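# Descriptive analysis of the structure
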Amino acid sequence: MNKIPIIIFLAFIPLNSFSQETVARFKYEDAEKAFVAANYQECIDNLEEAEKLLGKTAPNILHLKITAQYRLFEQTPYESYEALENLRNNCNIYLANYDIAGLEEKYRDVYDISIQLPVVSSSEQFEQQRSQYRKELEEASLKRAIEGNNLVFVEGGTYVMGEKKEAHEVIVSDFYMGKYEVTLGKWNTYLEATGRTGDNNVEYKAYINLTSYNDRIKFTPHSASSAFYRHVGVPHGNYVTKVLWEEMMAYCKWLESQHGGTWRLPTEAEWEYAVRNGNKTGGEARYDEKELSSSNIKEQEPTVGKFSPNVLGLYDMPGNVRELCYDYYDKDYFSHSPKENPMGPDNGERKVVRGVSRSGSGIFRRAGAGTLAATNISIGFRVVYIPN
């Protein structure tokens, strides 16, 4: 009978200073765990709750807060003028109040952080520095994309697309294009990065151009779709073929996740503009007829860079392998296509293929291919990149 009043009485006892300090200690421990897990904002939130419970800060709390704030700053520099000033003020408070024995190492940490912070005297100067920082970041990102994927800049312009009755004026904007067709080395890197190399030992034999049209090569499949076959034992400098249009675009989307911007297959207008050397030669597609003859192509190994670059520095244009474009195929599309940056019909059953290949002839041959381009050993692709 006496236990019930005691329990009720204890339930109404207010939180005393001792219990507040205990909860504050728990909050600090939670903050440490969040910091180790790289959840820096959660770490800061727990530390601020600990400060409220204590009614003050402490050297260990402020040191951890400064360190977490700096990690956030490193992740997104120039995110906020207020956040930068708050971090700077916390550094100044620590350096002014905790230059005491036993804290030398932490004091040095805070000092090192303080001297690495950008010096800004106003929000206007902060905005100027942020603009410059983002410009440098974009330039560095663009350089990585270009160098990592062998891209060539193609300055936009106006040209006459098609020939004879199909000839019509088209405008294309600036873009970057792969210097080569996508190679097996790049393709296998994509498959490995996206977990599509497969974990079985099933072997699949498919035709692929090696030294002659009928050579065979083994593939390791991931699924029933040959889009996922990882080419085994083939030189990484060989161009990749037998890939679905949809999987080509998935590869482009993966590149977007790596570099930002827009990645895709070239539109037919971009492809022809590039093969005509853009605006460098008045729209003439200059190439060595003998070098790009069907009989000569068949004698070459399927390695990128085997044929001379054009004026833009693009290799193997318009051949050593046909290339799949972004557009759906419509034989009458030229008669009603938009003048500026045509992207092809909105729908269709086949995709546009351009160029000559080891198994065909005709430099400007315009043909359609079904989306199941994976069945064709003479169709490869190259990428187009448009920065944000």
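Residues numbered from 1 in each chain as written. Predicted model: local features only at pLDDT ≥ 70, side-chain atom pairs only at ≥ 80, totals over all residues. Heavy atoms only, no water.

## Describing the packing of helix H8 (residues 184-193) against helix H9 (residues 245-259)
Stated precisely, the cut-off is as follows: Interaxial angles span 0 to 180 degrees and are taken between N-to-C directions of axes, which are lines fitted to C-alpha atoms, for helices over the stretch in contact. Strands here are runs of E lasting at least two residues and helices are runs of H or I lasting at least four, both read from the DSSP assignment and numbered beginning at the N terminus. With respect to orientation, any angle under 35 degrees is reported as roughly parallel, any angle over 145 as roughly antiparallel, any angle of 65 to 115 as roughly perpendicular, and every other angle as oblique. We call two residues contacting when some pair of their heavy atoms lies within 4.5 Å.
Packing of H8 against H9 leaves a shortest axis separation of 11 Å and a crossing angle of 75°. Between H8 and H9, the crossing angle belongs to the class labelled roughly perpendicular. On H9, the residues touching Lys186, Trp187, Thr189, Tyr190 and Ala193 of H8 are Glu247, Ala250, Tyr251 and Trp254.

## Looking at the pairing of strand S11 (residues 350-354)
Cut-off, in case you're wondering: Buried means the residue's accessible area, taken with a 1.4 Å probe over protein chains only, is under 20% of the maximum for its type, while exposed means over 50%, and partly exposed covers the values in between. Two strands pair if DSSP finds at least two bridges between them.
Most of S11 is tucked away, with 4 of its 5 residues classed as buried. Pairing geometry for strand S10 (residues 322-328) and S11, over 3 bridges, is antiparallel. Bridging from a neighbouring strand, Glu323 pairs with Arg354 of S11.

## Points about H8
All of the buried residues along H8 are Leu184, Gly185, Trp187, Asn188, Tyr190 and Leu191. Following H8 by one or two positions, Gly195 adopts a phi angle in the positive range, close to 70°.

## Some remarks on a negative patch on the surface
For the record, the criterion: What goes into a patch is any residue over 30% in relative accessible area without a salt bridge, connected to like charges within 9 Å or, for nonpolar side chains (Val, Leu, Ile, Met, Phe, Trp, Tyr), within 5 Å. For the accessible areas, the method is Shrake-Rupley and the probe is 1.4 Å, while residue cover comes only from the protein chains on display. When a carboxyl oxygen of Asp or Glu is within 4 Å of a side-chain nitrogen of Lys or Arg, the pair counts as a salt bridge. Charge assignment: positive for Lys and Arg, negative for Asp and Glu; neither His nor the chain ends contribute. For this purpose, a charge sits on NZ of Lys, CZ of Arg, CG of Asp or CD of Glu.
Among the surface-exposed residues, Glu29, Asp30, Glu32, Glu42, Asp45 and Glu48 lie close enough to one another that they form a single negatively charged patch. Elements represented by at least two residues in the negative patch include exactly helix H2 (17-36) and helix H3 (40-54). Considering the arrangement of structural elements, one finds Glu42 in helix H3. For Glu42, a relative accessible area of 44% puts it in the partly exposed group.

## What to know about the packing of aromatic side chains
Note the cut-off: Each Phe, Tyr or Trp ring (for Trp, its six-membered ring) is paired with any other whose centre lies within 6.5 Å, and the angle between the two planes then decides the class: stacked below 30 degrees, edge-to-face above 60, tilted in between. Only when the NZ of Lys or the CZ of Arg is both within 6 Å of the ring centre and within 35 degrees of the ring normal is a charge said to sit over the ring.
Under the counting rule described, the total for this entry stands at 21 aromatic pairs. Judged by centre distance (5.2 Å) and plane angle (35°), the rings of Tyr180 and Tyr315 are tilted. Of this pair, Tyr180 sits in the loop between strand S4 (175-178) and H8 while Tyr315 is found in the loop between helix H11 (294-299) and strand S9 (319-320), placing the two residues 135 residues apart along the sequence. An aromatic cluster of at least three residues, connected via ring pairs, comprises Tyr70, Phe73, Tyr78, Tyr81, Phe126 and Tyr133. The aromatic ring of Trp245 is capped on one face by Lys351, whose charged end is 3.7 Å from the ring centroid. Taking NZ or CZ as reference, Lys351 lies 3.3 Å from the ring centre of Tyr328, over its face.

## Points about unusual backbone geometry
The phi dihedral of Asn277 is positive, around 70°, even though this residue is not glycine. At Asp316, a residue that is not glycine, the phi angle is positive and equals roughly 60°. Looking at the element boundaries, Asp316 is found in the loop between H11 and S9.

## Side note on the confidence of the model for the protein chain
Short version of the rule: Every residue gets a pLDDT, meaning the predictor's confidence in that residue, from 0 to 100.
Per-residue confidence for the protein chain gives a mean pLDDT of 80, with 74% of residues at or over 70. Under a pLDDT of 50 for its full length, residues 198-233 has, in the predicted model, 92 contacts with residues more than four places off or in other chains.

## Description of the nonpolar core
Put simply, the test is: To form a nonpolar core, buried Ala, Val, Leu, Ile, Met, Phe, Trp, Tyr and Cys residues must be joined to one another through side-chain atoms within 4.5 Å.
Residues Trp187, Tyr251, Trp263, Leu265, Phe381 and Val383 are the most contacted members of the largest nonpolar core, which totals 25 residues. By residue number, the principal contributor to this core is H9, which donates 7 residues. Apart from residues lying up to four places away in sequence, Tyr251 is in contact with Val182, Lys186, Trp187, Tyr190, Phe381 and Val383. Membership of the second largest hydrophobic core comes to 21 residues, among which are Val170, Met317, Phe334 and Val384.

## Let's talk about the side chain of Arg130
Keep this limit in mind: We define a polar contact as two N or O atoms separated by no more than 3.5 Å, with the added condition that, inside protein, one atom must be a possible hydrogen donor and the other a possible acceptor, whereas residues neighbouring each other in sequence contribute only through side-chain atom pairs.
Mapped onto the secondary structure, Arg130 falls in helix H7 (residues 123-149). A distance of 3.1 Å separates a polar atom in the side chain of Arg130 from the backbone oxygen of Glu79.

## A closer look at the sheet that holds S4
The 4 strands lie next to each other as S1-S4-S15-S8, forming an open sheet whose pairing is antiparallel. Strands with a single pairing partner mark the edges of an open sheet, and in this sheet they are strand S1 (151-154) and strand S8 (262-264). On average, each strand axis in the sheet is inclined to that of its neighbour by 25°, with strand direction left out of account. Bridge count between S1 and S4: 4 bridges; the pairing is antiparallel. Paired with Phe153 across the bridge in S4 is Tyr176. Packed on one face of the sheet, H9 meets S8 and strand S15 (384-386) and runs near 160° to S8. Lying over the sheet, helix H10 (residues 268-275) contacts S1, S4, S8 and S15, oriented at roughly 75° with respect to S4.

## Observations regarding the environment of Val160
Position of Val160 relative to the elements: it lies in strand S2 (residues 157-161). A sequence separation of 113 residues divides Val160 from Tyr273, and the C-alpha atoms of the two residues are 8.8 Å apart. Apart from the residues within four sequence positions on either side, Val160 is in contact with Ala167, His168, Glu169, Glu272 and Arg276.

## Looking at the pairing of S10
Burial of S10 is extensive: 5 of the 7 residues sit out of reach of the surface. Judged from the 2 bridges that link them, S10 and strand S14 (residues 379-380) form a sheet pairing that is parallel. Of the residues in S14, the one forming a bridge with Glu323 is Gly380.

## A closer look at H9
Inclusion rule: Working rule for helices: expected span equals 1.5 Å times residues minus one.
For H9, with 15 residues, the first-to-last C-alpha span of 21 Å sits near the 21 Å given by 1.5 Å per residue. Taken as a whole, H9 has its buried residues at Trp245, Glu247, Met248, Met249, Tyr251, Cys252, Trp254 and Leu255. Where H9 is buried, its residues touch H7, H8, S8, S10, S11 and S14. At the exit of H9 stands Gly260, carrying a positive phi of roughly 75°.

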